[in-house]
Amino acid sequence: MMKIKPPKTRDDLIALLSLTEPDDLQELYDAAYAVKAENVGRVVYYRGLIEFSNYCIKDCKYCGIRKSNDEVERFDTPREDILAMARWAYENKYGSLTIQSGERQDEAFIDYVEGLVRDIKELSDGKLGLTLCVGEQTEETYRRWFEAGAHRYLLRIETSNPALYATLHPDDGHHKWQVRKACLESLRRIGYQVGTGDMIGLPGQTLGDLADDILLYRDMDIDMIGMGPYVVHHNTPIGKAVLASGMDSKEEQKRRLEMGLKMIAVTRLFYPTSTSQRRRPLQALHPLGRELGLKAGANVLMPIVTVPKFRPQYLLYDNKPCVDEVPEQCKNCISARVASVGDTIGFGQLGRFAALFPSQVKGFEPTRA
Ligand code: 5AD
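This one's a predicted model, so the numbers in the text were calculated from it and none came from an experiment.

A. Fine view of the pairing of strand 1 (residues 43–53). In terms of burial, strand 1 is a largely internal element, 11 of the 11 residues being buried. When strand 1 meets strand 10 (residues 344–345), the two strands line up parallel, connected through 2 bridges. Across the sheet, residue Val 43 finds its bridge partner in strand 10, namely Thr 344. Where strand 1 meets strand 9 (residues 300–301), 2 bridges bridge the pair, whose relative direction is parallel.

Structure (structure tokens):
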């Protein structure tokens, strides 16, 4: 049996991501879980997720709610319903709420989100942490929302490789890797806690690309990392190509799941304190995806709090779990999964702000919220 050493270089990252023997993988996950336990505790934080609208101006070639997917029935959740769900999350002691939608950049949308942020902060007396996940915006817009009370923002880089990014997006001048990167820099300047992440197992993605994603999280001093395997959506250009080339067999899906778990573990070993958010796509590939993610070093889960009737209209990928459940069921189901791993739930807590580098050398900082 090999002994897992903490990765220091790009080559170390690639070496760990290359492991395939079951015993080696178990050792990798165990090492990452031990590092999580030691550095951030065996505590899992919930971030309730409200997917409030699927209108989108973008046309990302992998995503089920892309503008050109005309199979999708578009929806906007009524404001009162969003506020009711936010109140539910607060009353159920979810320390923090994420509101997500397709991307829009018009003035009406910007105003709407700003008002929503104020109202959600107000209904919880400022206690419910609020994270936004509504895409690329100008620095001024990000600033308005920050001043309204949002303190965290999630925006995935998707991949650190600009050439790979270009194959995943239309070449229309509106889907630029450099813009995505600049948005992350704006968010950081304004003072948000910034989350980013990648999709794992994309067509054409190499182990070097994945190692570079991990290095980018460090170089950008990222606070939260949300990663998950790429999952086919049947009515998208990439999904169709993957299906046509036979690259969506059970073995391939298993390979992407395994790569997702390795990425979590290797990221945890490389940045002991990262909050490493685990997202649902893992479960779409494996019924025990979320437990496995926690055992590989993740410490955040995002139970869906979306209004039940809109859930079937917010499908970024096929076979999304929890679509036919109500929030109460999601909470109970996820809590059982956390218990089965032996972790506890950080109810009512924002989650420790766990900066990566360089703040890590100073030790933990209290949450900035
Ligand atoms: N498979 C996995 N993740 C996806 N996302 C969008 N489409 C897919 C898919 N088919 C992810 C992207 C995006 C986030 C909101 O959802 O990383 O940033």
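So, next bit.
B. Spotlight on helix 10 (residues 250–270). For helix 10, with 21 residues, the first-to-last C-alpha span of 30 Å sits near the 30 Å given by 1.5 Å per residue. In terms of residue burial, helix 10 counts as a mostly covered element, since 16 of its 21 residues are buried.

C. Highlighting the pattern of salt bridges. According to the stated counting rule, one finds 23 salt bridges in the structure shown. Taking the shortest distance from any N to any O, the salt bridge between Arg 180 and Glu 136 comes out at 2.7 Å. Here Glu 136 lies in the loop between strand 3 (129–133) and helix 5 (139–148) and Arg 180 lies in helix 7 (residues 177–190), a separation of 44 residues in the sequence. Here Arg 180 and Glu 136 have matching classes, each one buried. Ionic contacts of the salt-bridge type, sharing partners, join the residues Lys 58, Glu 103, Glu 136, Glu 158 and Arg 180 into one network.

D. Region of the structure containing the state of the cysteines. Enumeration over the complete set of coordinates arrives at 0 disulfides. Counting only cysteine sulfurs, Cys 60 is the nearest neighbor of Cys 63, a cysteine outside any disulfide, at a range of 6.2 Å.

E. Representation of the packing of aromatic side chains. In this structure the tally under the stated criterion is 10 aromatic pairs. Arranged with centres 5.5 Å apart and planes meeting at 85 degrees, the rings of Trp 88 and Tyr 94 form a pair that is edge-to-face. For the pair shown, Trp 88 and Tyr 94 are each scored as buried. Aromatic rings pair up to connect Tyr 46, Trp 88, Tyr 94 and Phe 347 into one cluster.

F. Just the site of the ligand, in detail. Surrounding the ligand, one finds Tyr 62, Cys 63, Gln 100, Arg 156, Glu 158, Met 199, Pro 229, Tyr 230, Val 231, Leu 316 and Tyr 317. Arg 156 places a polar side-chain atom, nitrogen or oxygen, 2.8 Å from an oxygen atom of the ligand. Within the side chain of Glu 158, one N or O atom sits 2.5 Å away from an oxygen atom of the ligand. Within the complex, the protein chains bury 88% of what would otherwise be the 410 Å² of accessible surface of the ligand. Of the residues that constitute the shell around the ligand, the class distribution is 8 nonpolar, 1 polar and 2 charged.

G. Representation of the nonpolar core in the model. With 94 residues, the main nonpolar core has Leu 132, Trp 145 and Tyr 192 as its most contacted residues. The greatest single-element share of this core, amounting to 9 residues, is contributed by helix 10. Not counting residues within four places of it along the chain, the set of residues in contact with Trp 145 comprises Phe 109, Ile 110, Val 113, Glu 114, Val 117, Leu 132, Val 134, Gln 137, Ala 150, Tyr 153 and Tyr 192. The next biggest cluster of nonpolar side chains, apart from the first, holds 5 residues, and it includes Leu 49, Cys 133, Leu 154 and Met 302.

What counts as what
- Residues numbered from 1 in each chain as written.
- Predicted model: local features only at pLDDT ≥ 70, side-chain atom pairs only at ≥ 80, totals over all residues.
- Heavy atoms only, no water.
- Buried < 20%, exposed > 50% of the residue type's maximum accessible area, 1.4 Å probe, protein only.
- Helix = DSSP H or I, 4+ residues; strand = E, 2+ residues; numbered from the N terminus.
- Pairing = 2+ DSSP bridges.
- Expected span 1.5 Å × (residues − 1).
- Salt bridge = Lys/Arg side-chain N within 4 Å of Asp/Glu carboxyl O.
- Disulfide = S-S within 2.5 Å.
- Phe/Tyr/Trp six-rings, centres within 6.5 Å; stacked < 30°, edge-to-face > 60°.
- Near = heavy atom within 4 Å.
- Polar contact = N/O pair within 3.5 Å; in protein donor to acceptor, adjacent residues only side chain to side chain.
- Areas by Shrake-Rupley, 256 points an atom, 1.4 Å probe, with all protein chains shown as cover.
- Nonpolar A, V, L, I, M, F, W, Y, C, P; charged D, E, K, R; others polar.
- Core = buried A, V, L, I, M, F, W, Y, C linked by side-chain atoms within 4.5 Å.
- Contact = heavy atoms within 4.5 Å.

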